Protein chains: 4
Amino acid sequence: MQIIIDEIASNMMQLQDKGNVASYIPELAKIDANQFAISVALPNGEIFNAGCFKTLFSIQSISKVFTLTLALDKLGETLWSRVGREPSGDPFNSIVQLEHEHGKPRNPFINAGAIAVADAIMQGHKSSKMLAEILHFVRFLADDQSIGIDENVARCEAHSGARNISLAYFMASFGQFENPVPDVLNTYFSHCSIAMNTEQLAKAGLFLANNGKNPNTGFPIVSSQRAKRINALMLTCGHYDGSGEFAFRVGLPGKSGVGGGILAIAPGKASIAVWSPGLDTIGNSKLGTYALELFAAETGWSVFGD
Amino acid sequence: MQIIIDEIASNMMQLQDKGNVASYIPELAKIDANQFAISVALPNGEIFNAGCFKTLFSIQSISKVFTLTLALDKLGETLWSRVGREPSGDPFNSIVQLEHEHGKPRNPFINAGAIAVADAIMQGHKSSKMLAEILHFVRFLADDQSIGIDENVARCEAHSGARNISLAYFMASFGQFENPVPDVLNTYFSHCSIAMNTEQLAKAGLFLANNGKNPNTGFPIVSSQRAKRINALMLTCGHYDGSGEFAFRVGLPGKSGVGGGILAIAPGKASIAVWSPGLDTIGNSKLGTYALELFAAETGWSVFGD
Amino acid sequence: MQIIIDEIASNMMQLQDKGNVASYIPELAKIDANQFAISVALPNGEIFNAGCFKTLFSIQSISKVFTLTLALDKLGETLWSRVGREPSGDPFNSIVQLEHEHGKPRNPFINAGAIAVADAIMQGHKSSKMLAEILHFVRFLADDQSIGIDENVARCEAHSGARNISLAYFMASFGQFENPVPDVLNTYFSHCSIAMNTEQLAKAGLFLANNGKNPNTGFPIVSSQRAKRINALMLTCGHYDGSGEFAFRVGLPGKSGVGGGILAIAPGKASIAVWSPGLDTIGNSKLGTYALELFAAETGWSVFGD
Amino acid sequence: MQIIIDEIASNMMQLQDKGNVASYIPELAKIDANQFAISVALPNGEIFNAGCFKTLFSIQSISKVFTLTLALDKLGETLWSRVGREPSGDPFNSIVQLEHEHGKPRNPFINAGAIAVADAIMQGHKSSKMLAEILHFVRFLADDQSIGIDENVARCEAHSGARNISLAYFMASFGQFENPVPDVLNTYFSHCSIAMNTEQLAKAGLFLANNGKNPNTGFPIVSSQRAKRINALMLTCGHYDGSGEFAFRVGLPGKSGVGGGILAIAPGKASIAVWSPGLDTIGNSKLGTYALELFAAETGWSVFGD
């Protein structure tokens, strides 16, 4: 395993076309595209790392996996009255589908869906309290109390998040929101600004590769059925309008973030986190996707066959 | 296994709400909704059946799995210049996406995509010759020379297929077609009218559960990588705008047809065919989906975890 | 003329189906649907009234005619880089078109377009100053210093205007806005809350029937060409997705508001204001439209023939 | 008048950017863009011509004005159950709106709408008989028995009309058609291939400027109300997604064709036909539009003021 990921990391550093770093906020735009990290966490506690796996990055939309897990814990299957379970066929920040479907977002992994999830979990609490709860959960999953928010990113998000503000008010115009829109947006912008490294992220996602159980304690974090369902959503909807492509090329459930990270799950085998900040045109990490494609080919890990 | 499927078949017969039989052509509309069949084919050659597994039905869109396999064999990865690999977020017969994306269909499993695949595999041949080739392939896969076309259904399709004719001419208006539109439509309407029973269908799909290899001979029908990719497409796009839901509930790659059949693949384990002609509002077999959900829960077979 | 409008007013009061009062804000929802007023102002200074022509109502989107006039005065034809001149083919508050056309609204009379116009005229000023300027202009046009804002309506608009807030942030996400979004929205919500009666409104619109000239002084308010162009926009875009219907039935340029008012222009002949708060399904005054249809038939006034 | 149009014709010949000739069929693509003609027909029988006003061109979509008139004569206002009266906000050959509105086209002047009108007027007759009737009507209007079809264009249309075939079958898939689709398309392709010169066209449209009356006989061809309504539809929908622009710049009802012709109506004053085969990006004659803009400015003729 270590040999495989060392070679992948080495290959990645030699590629010229690393994609383009997200430019919509200055804090992300100034990041050096010339970085790559990969971490593989196994249910038995082993972890393999290569590249700059100690470098923190903004996990952005990968945080939606954790807020979805929290939301399912709090609301159970009633959550699905607020958000759908289908791929959108549209870009991550599209509003067209919202108008056609009366304010109900297609899935919890597009921006509108994650904002709806943020509203659903708040239940009248302030965004500061909510953020503390989310952070507590992520720290618990990663078994690492040092995880926190990148305040600069959070501030920037709030300042440059006109599209997300628009999505939130659009849903609110259908009477879909239980909490004040600015509070919901605060929660959303904050949890997108959680900073982690690949090692922390791989560990935080490991329960999804372990039938929902905490690999340290063996106790369930979610039921086996729920773990499978979250994996299913990651596979069909985890890469926006590139989800079909990711399933085709990599063959594993995954969730990407505009910060350049991807969390991929090989059920029963491992949780894999990669990071490289350059993005493809759809907004997914270019090298990260390619590294996972090589990784899946080398290990033979795929949910679609050996 | 036999006990599991017998019980499922028994449960299905007791359900009241069986969905509605497809009504767009008389040959399908007159079918009794009160039927159910399931067949499970294992790589070792064993096959388990329950319900009316000898009854022939129109496989309709399930045939798209076989034409896609043929097209990849003939054209290799260049096929993807003609058709995409993403879920559509639209109904199976939508034309909106085609206009927005300049005549290129989103994936090979929506109607427009399968018509484009039909054009791609014809390569100047007549539709009668093409149909013979498709039938030859399906008979070989199922190891059953008795498989044929339901001529009444084929005739009806051609008469009531205004939407599909419209889709074909729409793509042709972008200069996408290599063969005359009526010939392409003939091929498409014919292969959708192949009649099979669940036993034949489960056997025909078994190579996809067996890393691409013919279970009888051990020789590859497609490469292991290609089998995985076809499975990936079935998972993300195989149930039209209900693909996310099927992945969420069943957790296996699958392809449905408006005749009420579904072919599902448990990679490395089995090929499962179900049939029940009543459909849900999206056009997928209502009892068939439910039966597969029970089957996946009972066996624990899911690509997303144990 | 007086006989014609008296008879129309009388007919209107006898109709049972008066449409439904706008319900999105309480201040509008509580208005009695059983009201009707009509005023006809001639270039020679004559004015004819019938019904409750002294009752104030919220002019809502009719104010967009006045802000467009101001914007053309301030920016000239460069305004058209910010907003288009085509009918939208969508409801008044649709956001779909904005996404397809990269944040540029189709015309100045749909909500998004009027919000863009509000931004264009502010030029760094505060919304309070801007509103004062708009009010000053409307009072000058109507020659009536008593015209003001309905503060209750303005407050309600701001509280229940989630869709409009969404539209504004959506445009801002394309970098289209020169002023802070909340200030622009304040200006927009305020000018929509101007309260007038039909007599004041008919007088305020008279310059558009008088080749752009102030009927009292003979001095131009806008050039003859600009008056024609504003009339053209009212005809093609003034009734949202019911503009074609209004042109077909009434045959005069007009602009409706969700408060139940309509301003119609018979070029060279008269400015006509009607008010009845019940709306049709598209959001235009039901009786108001019908009254104008009768009025046009009786007078033979139509831009499309005698 | 003669001086005005001579000067316009002279100006037009000096312009460099004449737009691009329609290229979708060879018969149109080979036409020299360097041509311009204008004819102005007055109700008193006078006619003024400039440029190559004797050159025949394919009137294409301008024929939709005549088939609409025929359809209203045959079906009366029940025609509006088949086709709407609103601008579409989409290109002339868009199919998106048809899907969103269940196969009912937005207006009779987009391609789908005119095909629906062709179906409505056929009433079981063959396309050859139908075409004879349309030609008879146009010859009567223009008082010129020499008007006919350009058979080469008609043949080309049928061969390269994949998009229109698609539109027709799409509508037929909603059960909207009373006649066989190929017959309806024959009628449509044929009437679009009528060849006229500007003098004939101006005379054929004169009844719309004359309150519906035949200028030679004084007898009504349509009622005054119907003439006004056809003019209203030309103004709001006559230039596809450039209708708002044409109303803004020219201020007269008009209908354009992809052959480069435009018929414009100054109610009570004149019928004006222009021709120049180069098109703008929307598909309307570039010089033709510009010439009408100059003509309207010179004469002061506008439906929106003096």
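Residues numbered from 1 in each chain as written. Chains lettered and ligands numbered in written order. Predicted model: local features only at pLDDT ≥ 70, side-chain atom pairs only at ≥ 80, totals over all residues. Heavy atoms only, no water.

J.: I tried to follow the relation of the copies chain A and chain B on my own but got confused; where do I start?
T.: In screw terms, the move from chain A to chain B is a rotation of 180° and a rise of 0.0 Å along the axis, fitting with an RMSD of 0.0 Å. Such a combination of turn and shift is consistent with a two-fold rotation axis. Mapped onto chain B, 100% of the interface residues of chain A again fall at the interface, so both copies present the same surface. (Least-squares fit on C-alpha atoms with pLDDT ≥ 70 in both. Contact = heavy atoms within 4.5 Å.)

J.: Explanation requested: the pairing of strand β2 (residues 37-41) of chain A in the structure shown.
T.: Along any regular strand the residues' side chains alternate between the sheet's two faces. Residues and elements named next belong to chain A. Where burial is concerned, most of β2 is hidden: five out of the five residues are buried. Burial along β2 is two-sided: Ala-37, Ser-39 and Ala-41 and Ile-38 and Val-40, pointing in opposite directions, are all buried. In the sheet, β2 pairs with strand β3 (residues 47-51) via five bridges, with the strands oriented antiparallel. Residue pairing across strands places Ile-38 opposite Ala-50, the latter belonging to β3. The sheet contact formed by β2 and strand β9 (residues 270-275) spans five bridges and is antiparallel. (Buried < 20%, exposed > 50% of the residue type's maximum accessible area, 1.4 Å probe, protein only. Helix = DSSP H or I, 4+ residues; strand = E, 2+ residues; numbered from the N terminus. Pairing = 2+ DSSP bridges.)

J.: Would you explain the environment of B:Val258 in this entry?
T.: All names here are of chain B. Tracing the sequence through the fold places Val-258 in the loop between β7 (254-256) and β8 (261-266). Sequence-wise, Val-258 and Pro-277 are 19 residues apart; in three dimensions their C-alpha atoms are separated by 7.9 Å. Non-local contacts of Val-258, meaning those with residues more than four positions away in its chain, are made with Ala-22, Tyr-24, Leu-28, Gln-60, Leu-279 and Gly-283.

J.: Explain the pattern of salt bridges to me, please; I cannot follow it from the model alone.
T.: Pairs may arise between side chains of opposite charge once their charged atoms sit close together. This structure, assessed with the given rule, holds 48 salt bridges over all chains. One salt bridge connects C:Arg82 with C:Asp119, and the closest N-O pair in it is separated by 2.9 Å. Of the two residues, C:Arg82 is situated in the loop between α3 (63-75) and α4 (96-100) and C:Asp119 in helix α5 (residues 111-122); the sequence distance between them amounts to 37 residues. Comparing C:Arg82 with C:Asp119 shows no difference in burial state: the two are buried. With a closest N to O distance of 3.4 Å, D:Glu27 and D:Lys30 form a salt bridge. With relative accessibility at 61%, the residue D:Lys30 sits in the exposed group. Here the salt bridges do not stand alone but share partners, grouping A:Glu77, A:Arg226 and A:Arg229 into one network. (Salt bridge = Lys/Arg side-chain N within 4 Å of Asp/Glu carboxyl O.)

J.: Whenever I open this one, helix α8 (residues 162-172) of chain C confuses me. Can you help?
T.: Since one α-helical turn is 3.6 residues long, residues separated by three or four positions face the same way. With eleven of eleven residues buried, α8(C) lies mostly within the body of the structure. What α8(C) keeps buried is the set C:Ala162, C:Arg163, C:Asn164, C:Ile165, C:Ser166, C:Leu167, C:Ala168, C:Tyr169, C:Phe170, C:Met171 and C:Ala172. Where the residues of α8(C) are buried, they touch α4 (96-100) and α8 (162-172) of chain A together with α4, α5, α7 (151-160) and α9 (181-192) of chain C.

J.: Got a minute to help me understand the domain arrangement of chain A in this structure?
T.: Note: interface size is frequently given as the accessible area lost on complex formation between the parts. Residue and element names in this part refer to chain A. With domains assigned, chain A is organised as domain 1 (2-60 + 195-299) and domain 2 (63-192). For domain 1 versus domain 2, the distance between C-alpha centres works out to 21 Å. On the domain 2 side, the residues contacting the 31 residues of domain 1 number 39 residues. Together, the buried faces of domain 1 and domain 2 total about 2,900 Å²; carbon and sulfur atoms form 66% of this surface. Looking at the side of domain 1 facing domain 2, the largest losses of area belong to Arg-226, Leu-233 and Tyr-240, adding up to 19% of the total buried there. Seen at the junction of domain 1 and domain 2, the total is two salt bridges. Our count for the contact surface shared by domain 1 and domain 2 stands at nine residue pairs in polar contact (both at pLDDT 80 or more). Contributing elements (two or more residues each) for the side of domain 1 that touches domain 2: α2 (26-29), β6 (194-196), α10 (198-204), α11 (206-209) and α12 (224-237). If you tally residues by element for the side of domain 1 that touches domain 2, the top one is α12, at seven residues. Looking at the side of domain 1 that touches domain 2, its residues break down into 18 nonpolar, seven polar and six charged. (Domains from an automatic or database assignment. Buried area = accessible area lost by both parts, 1.4 Å probe. Polar contact = N/O pair within 3.5 Å; in protein donor to acceptor, adjacent residues only side chain to side chain. Nonpolar A, V, L, I, M, F, W, Y, C, P; charged D, E, K, R; others polar.)

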